[in-house]
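Inside the fold
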Amino acid sequence: MPKVKTKSGAKKRFSLTGTGKIKRKHAYKSHILTKKTTKQKRNLTHIGLVSSADTNRVKLMLQI
């Protein structure tokens, strides 16, 4: 039986917390930042958690 590989796009985008939750970054923080307010950009900086509806899908991609 061969090893099961993780999705390389998922391992670049998600990481685990100590309690087993999945961390993610916010979108819309890479370019076209001049039209966004400072408050928007500051709030996009913080790390978010993957919603409970998507955790099973992400865990399959990460092979957890």
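Please refer to the structure placed before this passage.
This write-up is about the structure you can find in this document. (Residues numbered from 1 in each chain as written. Predicted model: local features only at pLDDT ≥ 70, side-chain atom pairs only at ≥ 80, totals over all residues. Heavy atoms only, no water.)

Across its full length, the protein chain carries three helices and three strands. Here the C-alpha radius of gyration of the protein chain, 15 Å, is well above what a compact globule of 64 residues would show, namely 11 Å. Dimensions of the protein chain along its principal axes, counting C-alpha atoms only, are 50 × 25 × 20 Å. Excluding contacts between residues fewer than 6 apart, the proportion of contacts in the protein chain whose partners are at least 24 apart in sequence is 52%. When the accessible surface of the protein chain is split by element, carbon and sulfur atoms take 56% of a total near 5,700 Å². (Helix = DSSP H or I, 4+ residues; strand = E, 2+ residues; numbered from the N terminus. Rg over C-alpha atoms; globule rule 2.2 N^0.38 Å. Contact = heavy atoms within 4.5 Å. Areas by Shrake-Rupley, 256 points an atom, 1.4 Å probe, with all protein chains shown as cover.)

Right, let's talk about the pattern of salt bridges for a bit. In this structure the tally under the stated criterion is one salt bridge. The salt bridge involving Arg57 is made with Asp54; its shortest N-O contact spans 2.8 Å. Under the relative-accessibility criterion, Arg57 is labelled exposed at 55%. (Salt bridge = Lys/Arg side-chain N within 4 Å of Asp/Glu carboxyl O. Buried < 20%, exposed > 50% of the residue type's maximum accessible area, 1.4 Å probe, protein only.)

Before going further, it helps to examine the nonpolar core. Of all hydrophobic cores here, the largest spans five residues; its members are Ala10, Ile22, Val50, Val58 and Leu62. The contacts of Val58, once residues within four sequence positions are left out, are Phe14, Ile22 and Val50. (Core = buried A, V, L, I, M, F, W, Y, C linked by side-chain atoms within 4.5 Å.)

Here we come to helix α3 (residues 55-62). An α-helical turn contains 3.6 residues, so any two residues separated by three or four positions project in the same direction. Buried within α3 are the following residues: Thr55, Val58 and Leu62. An end-on view of α3 places all buried positions within 65° of arc, on one side of the element. In α3, the exposed positions angled more than 90 degrees off the buried face are occupied by Asn56, Arg57 and Leu60. Those residues of α3 that are buried are in contact with α1 (8-13) and β2 (22-24). (Arc of directions from axis to C-beta.)

Moving on, we come to unusual backbone geometry. Backbone geometry at Ile32 places phi at a positive 55°, although glycine is not the residue there. Among the structural elements, Ile32 can be located in the loop between β2 and α2 (38-45). Its relative accessible area of 48% is what places Ile32 among the partly exposed residues. With a phi close to 60°, Gln63 is a non-glycine residue in the positive phi region. Within the element layout of this structure, Gln63 appears in the segment after α3. With a relative accessible area of 42%, Gln63 lands in the partly exposed category.

That is the geometry; function is a separate question.
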